[in-house]
Amino acid sequence: MKIPKGINAKLLLIFLFFSLKLFSQSSHNFVIILDAGHGGKDPGNSYNGFVEKDIALRTTLKVEKYLQKDRDIQVIYTRKNDVFIELRERPKVANSIDANLFISIHCNSVTNPNPYGTETFVMGLARSNTNFEIAKNENSVILLEKNYKKTYKGFDPNKPETLIGLKILQEEYLNRSISLASKIEKNFTTKLKRKSRGIKQTPLWVLDAAYMPSVLIELGFLSNKEEGLYLNSEAGQDEMAQTIAEAIMSYKKQYFEIESDEPTSERLTKNRRKDTATILKNKLSRETESTQKKSVNKESAGVIFKVQIATSNKSIKLLAVNFKGLTNVSLSAEKGAFYKYNYSSTSDYVVAKRNLEIAKSKGFPSAYLVAFKNGEKISMQEAVK
């Protein structure tokens, strides 16, 4: 994307973030951030005439074509052209719109021309010297940025001690990241017969800073001429993109498919062979809602503060796994047939503000306080008085 003369690039980027945020708030789709590694003045790996930034971009742009089979999936790119994006800005896009997944796509290379195969990384401490070298390589883009020492608070991609010092901010999402990574690697081996070098944990800044399940995919080794030819080809990029997309859709189906909102009687008519476990699960869900209603009735005697974390036109099960690990989430339906999800419940305003910070730290940056009196919503001004 070429920026017209006279327009400040940073202002344009800020405008983009706010536009994406507003767009996401008006949509209830499953939002995926696709991050094509490197770009612009940062070419990434270059071997045998193959350039990582170009292969990563072309493959990333193809993923959306295969995701279009699912109309609920919304794709947003960190870059769609050969431009340099600072490393810190890539996860910031995902965090600013509360995306569901962050997927970064790259290509590997080493001085030895023999290694080949795919790898998918999730956040974690380096497990081997090889992983550390990959971490250094992917994090080294930081050195191309102005004021990187101040921006990254002393983080140096060339020093092991600063890598070990990285905090795993998204620890609660690690299991889901591993689940997605396993689906991706399984597709590479079973559908494309590619060699998988496995799922690995290593301290990559771009994953550490994303407050959601996130993976970094190494499509293969450009230093291996045969593999480089495949990754640089149209057919190879199509195949890789398709298998990545299918893994994403499988992940979505496992963790985010919402049950039908049809009346129970209609659902049973359509599927009379529901197993006992499903029926018991539905019964438990109804009992949970009943318990929550009783809890609200007990609270209704005075002013109660809650943290509103999400709004949806669909009913979502009140499970911690659906709300980024938050427990004590309640549901309220208001005018317009929207479901509003609130975290915590307290009559103490100071505690409520503390709960708001917890919700934001868990990945709900747009969360805010709401108040209720005698079971009815009131303004915060009235509540504080």
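Scroll up to find the structure.
Residues numbered from 1 in each chain as written. Predicted model: local features only at pLDDT ≥ 70, side-chain atom pairs only at ≥ 80, totals over all residues. Heavy atoms only, no water.

Caption draft 1: Just the environment of Ser-223, in detail. Structurally, Ser-223 is set in the loop between strand 8 (214-221) and helix 9 (225-232). Among the residues examined, Ser-223 registers a relative accessible area of 4% and is labelled buried. C-alpha of Ser-223 to C-alpha of Asn-48: the two residues are 175 residues apart in sequence and 6.7 Å apart in space. Residues within four places of Ser-223 in sequence aside, it is in contact with Tyr-47, Asn-48, Asn-108, Ser-109, Val-110, Asn-112 and Pro-113. (Helix = DSSP H or I, 4+ residues; strand = E, 2+ residues; numbered from the N terminus. Buried < 20%, exposed > 50% of the residue type's maximum accessible area, 1.4 Å probe, protein only. Contact = heavy atoms within 4.5 Å.)

Caption draft 2: The arrangement of the pattern of salt bridges in detail. Tallied over the entire structure, the rule returns twelve salt bridges. For the salt bridge of Lys-252 with Asp-70, the shortest nitrogen-to-oxygen distance reads 3.1 Å. Placement of the pair is Lys-252 in helix 10 (residues 234-255) and Asp-70 in the loop between helix 2 (52-67) and strand 4 (73-77), with a sequence separation of 182 residues. Neither Lys-252 nor Asp-70 differs from the other in exposure class; each is buried. Between Arg-197 and Glu-119 there is a salt bridge, with the nearest N and O atoms lying 2.9 Å from each other. Taken as a pair, Arg-197 in strand 7 (residues 196-202) and Glu-119 in strand 6 (residues 118-123) lie far apart in primary sequence, 78 residues in all. (Salt bridge = Lys/Arg side-chain N within 4 Å of Asp/Glu carboxyl O.)

Caption draft 3: A look at helix 2. An ideal rise of 1.5 Å per residue puts 22 Å on 16 residues; helix 2 measures up with 23 Å between its terminal C-alpha atoms. Among the residues making up helix 2, those that are buried are Glu-52, Lys-53, Ile-55, Ala-56, Leu-57, Thr-59, Thr-60, Lys-62, Val-63, Tyr-66 and Leu-67. (Expected span 1.5 Å × (residues − 1).)

Caption draft 4: A look at the packing of helix 9 against helix 10. Between helix 9 and helix 10, the shortest axis-to-axis distance is 4 Å and the interhelical angle comes to 80°. Between helix 9 and helix 10, the angle falls in the class roughly perpendicular. Taken together, the residues of helix 10 that come into contact with helix 9 (itself represented by Tyr-230, Leu-231 and Asn-232) are Glu-234, Gly-236, Gln-237, Glu-239 and Met-240. Residues belonging to the contact of helix 9 with helix 10 are distributed by class as follows: three nonpolar, three polar and two charged. (Axes fitted to C-alpha atoms, helices over the stretch in contact; angles between N-to-C directions. Parallel < 35°, antiparallel > 145°, perpendicular 65-115°, else oblique. Nonpolar A, V, L, I, M, F, W, Y, C, P; charged D, E, K, R; others polar.)

Caption draft 5: Inspection of the nonpolar core at higher detail. Counting 35 residues, the largest nonpolar core has Ile-32, Val-63, Leu-67, Ile-103, Ile-217, Leu-219 and Ile-248 as its most contacted members. Where this core is concerned, the elements lending two or more residues are strand 1 (30-36), helix 2, strand 4, strand 5 (101-108), helix 7 (174-192), strand 8 and helix 10. The element that contributes the greatest number of residues to this core is helix 10, accounting for eight residues. Setting aside chain neighbours within four positions, we find Ile-248 in contact with Phe-30, Ile-32, Val-63, Leu-67, Leu-101, Ile-103 and Leu-180. Val-307, Tyr-343, Ala-371 and Ile-378 belong to the second largest nonpolar core, which has 17 residues in total. (Core = buried A, V, L, I, M, F, W, Y, C linked by side-chain atoms within 4.5 Å.)

Caption draft 6: Highlighting the sheet that holds strand 8. Taking strand neighbours across the sheet as the criterion, the six strands line up as 4-1-5-8-6-7 in an open arrangement whose pairing is mixed. Single-partner strands in this sheet number two, and they are strand 4 and strand 7. Strand after strand, the sheet turns through a mean of 25° between neighbouring axes, direction not considered. Note that strand 5 and strand 8 share six bridges and pair parallel. Counted as the bridge partner of Asn-108 is Phe-221 from strand 8. (Pairing = 2+ DSSP bridges.)

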